[in-house]
Amino acid sequence: MIETRRLEPTDRDRWETLFRAYIRFYERELGQTAYDRAWREIASDTRLHGLGAWLDGELVGITHFLVHPSSSEPDLCYLEDLFTDPAVRGRGVASAPIAAVRDWAREHGCGSVYWQTHESNALARRLYDEVATFEGYVVYTLPVAPGGAGDGNVGPR
């Protein structure tokens, strides 16, 4: 049976192992400061929230989410990260945290939960197509940090 619940301080090491695997999956690198900051935010449970999925008593999946206002509907819940240990995929571990986030969002007055994934993530997209609706939106990213991919110019290239 899969249990979903809030991450506790004792889950930190296993959470970090799973979160590092998630970051590697998307071919990104983060320094330790980023992991420490993320954990602090999740532990405070104010701006960024985290849930874990346990299978047979072992933490095998994580999800991070946040709420933001909307100009045209009730607040929205953004499911930012979702990762399951590859060894347990296909056993409902990913769908359980999605359902738990949906329930949390409902309890907190949100109008919907949404998320994004890379178009090449076919395994995840099969699940997402079963549990949610793809509405056709395309995501654009404009870096704002110094040294980011953008050169600071906004407009035609």
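Residues numbered from 1 in each chain as written. Predicted model: local features only at pLDDT ≥ 70, side-chain atom pairs only at ≥ 80, totals over all residues. Heavy atoms only, no water.

Draft legend 1. Representation of the pattern of salt bridges in the model. In total, this model carries 11 salt bridges according to the counting rule given. With its nearest N and O atoms 3.5 Å apart, the salt bridge here joins D11 to R5. Its salt-bridge partner being E16, residue R12 comes within 2.7 Å of it at the nearest N-O pair. Separated by four residues within a single helix, R12 and E16 lie in helix 1 (residues 12–25), roughly one turn from each other. (Salt bridge = Lys/Arg side-chain N within 4 Å of Asp/Glu carboxyl O. Helix = DSSP H or I, 4+ residues; strand = E, 2+ residues; numbered from the N terminus.)

Draft legend 2. Looking closely at helix 3 (residues 95–107). A rise of 1.5 Å per residue sets the reference length of helix 3, with its 13 residues, at 18 Å; its end C-alpha atoms lie 18 Å apart and thus fit the reference within 8%. Of all the residues in helix 3, the buried ones are A96, P97, I98, A100, V101, W104 and A105. In the core, the buried residues of helix 3 are packed alongside strand 1 (2–6), strand 2 (49–55), strand 3 (58–68), strand 4 (76–84), strand 5 (112–114) and helix 4 (122–131). At the C-terminal side of helix 3, G109 shows a positive phi close to 80°. (Expected span 1.5 Å × (residues − 1). Buried < 20%, exposed > 50% of the residue type's maximum accessible area, 1.4 Å probe, protein only. Contact = heavy atoms within 4.5 Å.)

Draft legend 3. Expanded view of the layout of surface pockets. Within this model, the second largest pocket holds a volume of roughly 150 Å³. Looking at the lining of the second largest pocket residue by residue, the classes come out as four nonpolar, one polar and no charged. (1 Å grid on protein atoms, 1.4 Å probe; cavity = no way out; pocket = protein on both sides within 12 Å on 5 of 7 lines; lining within 4 Å. Points joined across faces, edges and corners; volume = space filled by probe spheres on them. Nonpolar A, V, L, I, M, F, W, Y, C, P; charged D, E, K, R; others polar.)

Draft legend 4. Examining the side chain of D85 more closely. With respect to the secondary-structure elements, D85 resides in the loop between strand 4 and helix 3. Taking relative accessible area as the criterion, D85 reaches 17% and is therefore assigned buried. Engagement of the side chain of D85 in a polar contact is seen with the side chain of R14, the distance being 2.8 Å. Contact partners of D85, with chain neighbours within four places excluded, come to R14, L18 and V60. (Polar contact = N/O pair within 3.5 Å; in protein donor to acceptor, adjacent residues only side chain to side chain.)

Draft legend 5. Inspection of helix 1 at higher detail. Helix length check: helix 1, at 14 residues, gives a terminal C-alpha distance of 20 Å against a target of 20 Å (1.5 Å per residue), a fit within 8%. Along helix 1, the residues that are buried comprise R12, W15, E16, L18, F19, A21, Y22 and I23. Looking at the buried residues of helix 1, the elements they touch are helix 2 (32–44), strand 3 and strand 4. In the stretch just after helix 1, E27 is the one whose phi turns positive, near 55°.

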